[in-house]
Amino acid sequence: MENYLISGGVKNGKSSYAQRLALEMAEKKAVAPVYFATMISHDSEDDERIRKHREDRKELGFETIECGMNIASFAEKIAGRVVLFDSLTALVQNELFEGRTDFSPETIRKDYERVSQKLRDELSVFLEKAASVIFVSDNIYNDGKIYDGATEIYRKMLSETEQFVAKKCQVYEMLAGNKNKVIEKEGGSLPLGYNGSAISACPFYGGTPRNAPITLIIGGSYQGKTAFAKEKFSLSDEDICVCTRDKMPDFSKKCISHCENYVAYCLKNNKGGEILSLPPQNDDGSARIIICDDIFCGVVPLDSFQRKLREECGLFLQKIAKNASVYRVFCGIGQRIK
């Protein structure tokens, strides 16, 4: 597969690696590389950022195309060439918000499917026309902050766009300048099973451990954790309980999703010592599946409840993970990490 999606946090080396990769691929294919820039400037800070990007690559041999929207209009221009597409983050923002005067979530939701379909259609044209495309995007999903409605819609659309592209690309996550190839991994240690001691110290576990494996699935918001679980473990919607912060989950379900909300419920209702009361094994003897959002990165919340929530949720998952098989989902791809 000759297409790539490179994602990760801010200033983790995504653009630098993408530039090197694009130049290497263009040299092998004997074509001139294209730098497809999607950022639309709105102020002097944006102007300075664009200037620095241009300065960084001015001697590298890229032909620069600047296009923040309607990218399919340049399809013939990039035909047969190696394209560094920087970035999906800006493209989705532009298509969703540019030119709007009404930013209410209700209005934006009405346009959601139209904009999503347009992005899929135009990105498909790009992938079809170019010899190779290297997409750069940003991981904006790993924190516990609750954003306003419009921002959450944007995060969801960006993640869905990344997952669409990821199906046609090799995916790399950049971490402190180093790349991690994101693939489905079946290796790693086997689940050890509960022995009666691993979970006992968890402030939210009051059930009786049994010798049974459990599967823990973690990842950022909108990364496709539930879809991965349904496909991997043959789950139906009826098998899944989606936790909320205002009531007890239905522990008769095979899969407990959004477990971070269950921890929040426990905190809100002072149910520390006697809960978490779900057994690690379902009634039919199959493994319990727990899905939880990664809410542990980002700035420490000012709100004391949010601070406590991410701390207790992190401790809870550590206890669960000691005797579980653990998967992390990134851009819709599940990696077994334990």
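In this text the structure is predicted, and so the values were computed from the model without any measurement.

Colleague: Is there a simple way to think about helix α9 (residues 304-321) in this case?
Modeller: One full turn of an α-helix is made of 3.6 residues, so residues set three or four places apart face in the same direction. Here α9 contains 18 residues, and its C-alpha end-to-end distance of 26 Å stays within 8% of the 26 Å for a straight helix at 1.5 Å per residue. The complete set of buried residues in α9 reads Q306, L309, R310, E312, C313, G314, F316, L317, K319, I320 and A321. Contacts from the buried residues of α9 go to β8 (214-219), α8 (259-268), β11 (288-293) and β12 (325-330). With a side-chain oxygen lying 3.0 Å from the backbone nitrogen of F305, the N-terminal cap of α9 falls on D303.

Colleague: What's the story with the pairing of β8 in this structure? I'm lost.
Modeller: In summary, the side chains of a regular strand alternate between the two faces of the sheet. With five of six residues buried, β8 lies mostly within the body of the structure. As defined by bridge partners, β8 adjoins β11 across six bridges and the pair is classed as parallel. In the sheet register, L216 faces β11, and the bridge partner there is I290. For β8 and β12, the ladder comprises four bridges, and the chain directions are parallel. Counted as the bridge partner of T215 is S325 from β12.

Colleague: Would you mind going over the pattern of salt bridges with me for this structure?
Modeller: Oppositely charged side chains are able to pair whenever their charged atoms sit close together. Counting across every chain of the model gives 17 salt bridges. Between R120 and E113 there is a salt bridge, with its nearest N and O atoms 2.8 Å apart. As a salt-bridge pair, R155 and D143 come within 4.0 Å of each other at their nearest N and O atoms. In this pair, R155 sits in helix α6 (residues 149-166) while D143 sits in the loop between β5 (132-136) and α6, placing the two residues 12 residues apart along the sequence.

Reading the values: rules and limits
Residues numbered from 1 in each chain as written. Predicted model: local features only at pLDDT ≥ 70, side-chain atom pairs only at ≥ 80, totals over all residues. Heavy atoms only, no water. Helix = DSSP H or I, 4+ residues; strand = E, 2+ residues; numbered from the N terminus. Expected span 1.5 Å × (residues − 1). Buried < 20%, exposed > 50% of the residue type's maximum accessible area, 1.4 Å probe, protein only. Contact = heavy atoms within 4.5 Å. Polar contact = N/O pair within 3.5 Å; in protein donor to acceptor, adjacent residues only side chain to side chain. Pairing = 2+ DSSP bridges. Salt bridge = Lys/Arg side-chain N within 4 Å of Asp/Glu carboxyl O.

The quantities given are spatial measurements derived from coordinates; they are silent on function.
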